[in-house]
Amino acid sequence: METVRAHVAQYLGCFLNETVMFPSTTLALNAVATGLVESGFLAHGDRVLTTDQEHAGGIAGWVHYSGDEADPETALSPVVHLDRIPLPIPDLRLTEEIVADFKAHLQKNKNTKVLAISHVTTTTGAALPIKEIAAMAHSIGVIVVIDGAQAFGMKVDVTDLGVDVYASSAHKWLLAPTGNGIMCIKERLQPHVKATVF
């Protein structure tokens, strides 16, 4: 397993101590949501920004902590507010326009602490300009969590992208068996993610 982790770290462009193996992208991203709440990094009144084109598994943790679950019997009292930015279909905007749209949403809601979006949307296959979005988000103090489940058809370098968390699955583009989720969680964020699964 340590040999596999080393290969994954090299493939993703992150350090070995930032690389975690998971059964799936969904479980990895849910562990991050849980860990950010359990550590107290996210508290009542904080906001998470995502898009209207996220995979259900990728935002399940955020939905859970926002109290937006379909079944009121299982819904929690809201911890965070979940905002969803609409993405046009097709999205023909320039990179600068996309980044400006995300920036406007983040600036409108000053207590947004997490931007949780897909690198490549599961709905249309549109690739978002993650490097530019991450740089903008960090400039205003927002952490960036990326669902990269659909992105391994292209080169992914997590350090170059500048994101805080990048989760993906090896069973799609890398043709591994199912049950091979991988995640890079940058060292700077690790103290704020207190998920028991780690």
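For the structure, check the block above.
Let me begin by describing the structure that accompanies this report. (Residues numbered from 1 in each chain as written. Predicted model: local features only at pLDDT ≥ 70, side-chain atom pairs only at ≥ 80, totals over all residues. Heavy atoms only, no water.)

**Remarks on the state of the cysteines**
This model, assessed by the stated rule, comprises zero disulfides. In this structure Cys-14 is a free cysteine whose sulfur lies 3.0 Å from that of Cys-184, the closest cysteine sulfur available. The buried category is assigned to Cys-184, whose relative accessible area is 0%. (Disulfide = S-S within 2.5 Å. Buried < 20%, exposed > 50% of the residue type's maximum accessible area, 1.4 Å probe, protein only.)

**Structural notes on helix 1 (residues 2–12)**
Of all the residues in helix 1, the buried ones are Arg-5, Val-8, Ala-9 and Leu-12. Buried residues in helix 1, looked at end-on, bunch into an arc of 100°, giving them a common side. Among the exposed residues of helix 1, those oriented more than 90 degrees off its buried face are Thr-3, His-7 and Gln-10. In this structure, the buried side of helix 1 is in contact with strand 1 (19–22), helix 6 (158–161) and strand 7 (181–185). Residue Gly-13 follows helix 1 closely and has a positive phi angle near 75°. (Helix = DSSP H or I, 4+ residues; strand = E, 2+ residues; numbered from the N terminus. Arc of directions from axis to C-beta. Contact = heavy atoms within 4.5 Å.)

**Describing the sheet that holds strand 6 (residues 165–169)**
The strand order across the open sheet built from seven strands is 1-7-6-5-4-2-3, with neighbouring strands paired in mixed fashion. The sheet terminates laterally at strand 1 and strand 3 (80–85), the two strands that pair on one side only. Neighbour-to-neighbour, the strand axes of the sheet open up by a mean angle of 20°, direction not taken into account. In this sheet, strand 4 (residues 112–118) lies alongside strand 2 (residues 46–51) in parallel orientation, the contact comprising three bridges. Across the sheet, Leu-49 pairs through a bridge with Leu-115, a residue of strand 4. Running at roughly 135° to strand 3, helix 3 (residues 56–66) makes contact with strand 2, strand 3, strand 4 and strand 5 (143–147) of the sheet. (Pairing = 2+ DSSP bridges. Axes fitted to C-alpha atoms, helices over the stretch in contact; angles between N-to-C directions.)

**Digging into the pattern of salt bridges**
Counted under the stated rule, the structure contains eight salt bridges. A salt bridge links Arg-93 to Asp-101; the nearest nitrogen and oxygen atoms lie 2.9 Å apart. Note that Arg-188 and Asp-164 form a salt bridge whose closest N and O atoms lie 2.9 Å from each other. Taken together, the residues Arg-188 in the segment after strand 7 and Asp-164 in the loop between helix 6 and strand 6 connect sequence positions 24 residues apart. Look at the salt bridges and you will find they share partners, linking Asp-91, Arg-93 and Asp-101 into a network. (Salt bridge = Lys/Arg side-chain N within 4 Å of Asp/Glu carboxyl O.)

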